[in-house]
Every structure is written in structure tokens, then in C-alpha cells.
Amino acid sequence: MVDRTTARRQILVVGPAWVGDMVMAQSLFKALRAENPQSIIDVAAPSWSMPLLARMREVNHAISLPVEHGELGLRKRWQLGRALRYTQYDQAIVLPRSLKASILPNFAGIPRRTGYLGEYRYGLLNDIRPLNKKLLYRTVDRYVALALDTPMAVKSAPRPSIQYPELISTPDQQVEALTALNLSKQKPTLALCPGAEYGPAKIWPPEHFAELAQNYLALGWQVWLLGSEKDLNVAVTIAEQAPGTTNLAGKTTLAQAIDLLRISDAVVSNDSGLMHMAAATGTPLIALYGSSSPHYTPPLSEHATVIYRALKCSPCFERNCPLKHLNCLRDIKPFEVIEKLKKLRSE
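Below or above, wherever it landed, is the structure these notes cover.

About the criteria used
- Residues numbered from 1 in each chain as written.
- Predicted model: local features only at pLDDT ≥ 70, side-chain atom pairs only at ≥ 80, totals over all residues.
- Heavy atoms only, no water.
- Buried < 20%, exposed > 50% of the residue type's maximum accessible area, 1.4 Å probe, protein only.
- Helix = DSSP H or I, 4+ residues; strand = E, 2+ residues; numbered from the N terminus.
- Pairing = 2+ DSSP bridges.
- Right-handed = clockwise from strand over helix to strand, strands pointing away.
- Axes fitted to C-alpha atoms, helices over the stretch in contact; angles between N-to-C directions.
- Parallel < 35°, antiparallel > 145°, perpendicular 65-115°, else oblique.
- Left-handed = near helix turned anticlockwise from the far one by under 90°.
- Contact = heavy atoms within 4.5 Å.
- Nonpolar A, V, L, I, M, F, W, Y, C, P; charged D, E, K, R; others polar.
- Expected span 1.5 Å × (residues − 1).
- Core = buried A, V, L, I, M, F, W, Y, C linked by side-chain atoms within 4.5 Å.

## Observations concerning the pairing of strand β4 (residues 91-94)
In β4, alternate side chains face the same way, and those of Gln-91 and Ile-93 on one face and Ala-92 and Val-94 on the other are all buried. Examined bridge by bridge, β4 and strand β5 (residues 112-116) share three bridges and lie parallel to one another. Opposite Gln-91, over in β5, you have Arg-112 as the bridge partner.

Structural data, given as C-alpha cells:
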């Protein structure tokens, strides 16, 4: 009988399509390596995630999926699958619950194909796991449970052990990022992540971010605004109200964002992909939740504090506030964030 802890296993993980989910997926990679240190883990994922996967020690090889978000691309998946046959993977673990996500492992001829049922994936998956959403409420728990040999379906089953994500950021990488962006670290730095790709119901009001920035600028800190091009409008609004902030929205690569988050002295972020990245760098983090739930997708860090009002209408998981008031975030005042941040940094 083969000892699973010593036999070399080739595993292909089909990764998720969102930044935060990909960060949380690292906990699965860690669980696989803990179960079998000889495991070789490759990850097939959207092209944007290649720099992120490059910062995860557990990932042997990141494979860019040749399809756009939402595209079926059967021929493209077939071509990639045929090329992957030569690797002779022992197992595939499919994290997205869509039908199209489970096609690649079949084309690659992978004998064991693990995942939750999702969109009628009988035949495509042959190691289908029941998903008890009450037992495995958090996304990270659902991911890590797929590393177990036996399904978690009953309340008596122990919750899987979670190792937090840890993104690599070396001093050389940090210096390179600072140089490329013409930045310095001569002052303490507050990084603000004011965007959220999912929608406005996740965004703390820009005027609150601006007041927070003004406070720290007055204390002699420098303030960086981080985000993608989609966050540029909200970042510009904050920068206009808080002169002296450095607006980096849309100017950094994903890898540079990791390095800037790592060398910041503190981060304040909406529930977003950047929030999960910040958590994975270990920098003191204040995570602000409105329409989403910190019980479902919390920051995975010992150095994070969540602020969440838990109103009767929360979490609604809507892109826009259905009640048009956004009180779940508007009622979180800058002075509260400042006090929480002081306490967090003193611990």
C-alpha cells in the first residue's frame, strides 16, 4: 500500500476567478503540502493571477487559462488539456463550482477529479463532495476541506485546520517596487484600499477615507491610495479632499501592490481582493465590511481587526444598497477606525 505522505503526487488545482478567493486558495495549497510534503501543486487560473501565484511558495507552476472570464472556449480548453496530459496528474481539485471549470481536468485525462457538485457536473467530476454550507460556511473552510480524503458532510466532523495565506515579498522586491514607482519609506506609511470590484455597497464613503488620510498626514505619515484602474474615480475624490496623499490607483502591478502592502505600517481596506492580499502580508489591517459578511470571507491574519455593524439588513450581498442609505458603512466613522488602528498597532 502506497504511503500518501511520502509518495510524490502531481495535483492540478483549477483556481477561482477573484483576487480574494485566489488568496484564500493558498490555505488549500498549504493543507495539501501538510498532508503530503512531496506533493507538486500546479494551478490553472486566469492570466491576471499569474503574479499572485508567483508569490505563493506552495505553487510549483502557474498555468494561464486561455479563456476570458465567462467564456466557454471548449476548443481552447481541449488544446490546453491535451498539452497537460504529459504531466500525468494524479488528482485535480476544481474550486469554482461552474460547469466549464470542470472541463479541463477531463481533457487532461486526470483520473481523480475532486470538487463540489455545482452546475450538474456528474461525469466531469468523479470525486464529488457534498457541501454542508452550515458546517463549512467560510469560503476558506470549503477550499481546505477538499484536501481531505473523506468528505465533510456531518456536524460531528472536525473543521479542517486552516493555515493562513502568506504572500512572498522580499526586501529586494520591495526596493524594486519603491524605485519603479518613485516612492520612499522615510516616513511611516498608511495604505488605503478604497475600492471594491464587486460594487458600491462594499465601499466605505470616500469622505471618510479622506478624513482618515487627513488625520495621518497631519501626524507626519505618508498615505498611499492603492487600487486598480476601476478604483481611480474614488481614489481621485479622496486625493482631492486630502491633499498630500499619493494616488497609486491603476499605477501598480499586482506584484508591486503586494510589496507596498507588506512595507506599509498599516492598511485600511474595504472587503476586497486587496484586503485579502494585505492580510496575507501580515501588515496590521483594519477591514471594513458592509454588504458582505466577515463570517463568510474574513481577513485571514492574526494582525487584522474587522469593523462590521451587523445591521438587520446586513449582509445583503448586493452590489448596490437596496435601501439606498448604505448605513452599514456610512455609520462607521473615521475616529473609530483611528482608535482601532492605534490599538491594533500597539498589540
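## Observations regarding the pairing of strand β10 (residues 266-270)
For β10, a buried count of five out of five residues is recorded, marking the element as mostly surrounded by other parts of the structure. Inspection of the sheet shows strand β7 (residues 189-193) paired to β10 by four bridges, in the parallel sense. Its bridge partner being in β10, Ala-191 is matched across the sheet by Val-267. With four bridges connecting them, β10 and strand β11 (residues 285-289) associate as parallel partners. Along β11, the bridge assignment pairs Ser-269 with Ala-287. Remark: the β10/helix α10 (residues 273-281)/β11 crossover connection has right-handed handedness.

## Overview of the packing of helix α7 (residues 206-218) against helix α12 (residues 334-346)
Axis angle and axis distance: for two packed helices, these are the angle between their axes and the distance between the axes, and together they describe the pair. Contact geometry for α7 and α12: axes closest at 9 Å, N-to-C directions at 50°. Considering their axes alone, α7 and α12 lie oblique with respect to each other. Here α7 runs over α12; the crossing is right-handed. The segment α7 lies against α12, with His-208, Glu-211, Leu-212, Asn-215 and Tyr-216 engaging Pro-334, Val-337, Ile-338 and Leu-341. Tallied by class, residues from the contact of α7 with α12 come to six nonpolar, two polar and one charged.

## A short note on the packing of α7 against helix α8 (residues 232-241)
Contact geometry for α7 and α8: axes closest at 8 Å, N-to-C directions at 45°. Taken as axis vectors, α7 and α8 run oblique relative to one another. Pair α7 / α8 crosses with right-handed handedness. Between α7, through Pro-206, Glu-207, Phe-209, Ala-210 and Gln-214, and α8, the contact on the second element is made entirely by Val-234, Thr-237, Ile-238 and Gln-241. Classifying every residue of the contact of α7 with α8 by side-chain character gives five nonpolar, three polar and one charged.

## Points about α12
With 13 residues, α12 ought to run about 18 Å at 1.5 Å a step, and its terminal C-alpha atoms sit 18 Å apart, in line with that. Residues of α12 that are buried: Pro-334, Glu-336, Val-337, Ile-338, Leu-341 and Leu-344.

## A short note on the sheet that holds β7
Taken together, the six strands give an open sheet; going across it, the order is β9-β8-β7-β10-β11-β12, and neighbouring strands pair in parallel fashion. Looking at strand neighbours, the two that pair on one side only are β9 (246-247) and β12 (304-308), the edges of this open sheet. Strand contacts of α10: β7, β10 and β11, with the helix running at about 155° to β11, the strand carrying the most contacts.

## A look at the nonpolar core
Residues Val-13, Leu-28, Phe-29, Leu-260, Leu-261 and Met-277 are the most contacted members of the largest nonpolar core, which totals 55 residues. Of all the elements, helix α1 (residues 19-35) adds the most residues to this core, at eight residues. Look past the residues within four positions of Leu-261 in its chain and what remains in contact with it is Ala-191, Cys-193, Leu-226, Val-267, Leu-274, Met-277, Ala-278, Thr-281 and Thr-283. In this structure, Ala-235, Ala-249, Leu-288 and Ile-338 belong to the second largest nonpolar core, which totals 31 residues.

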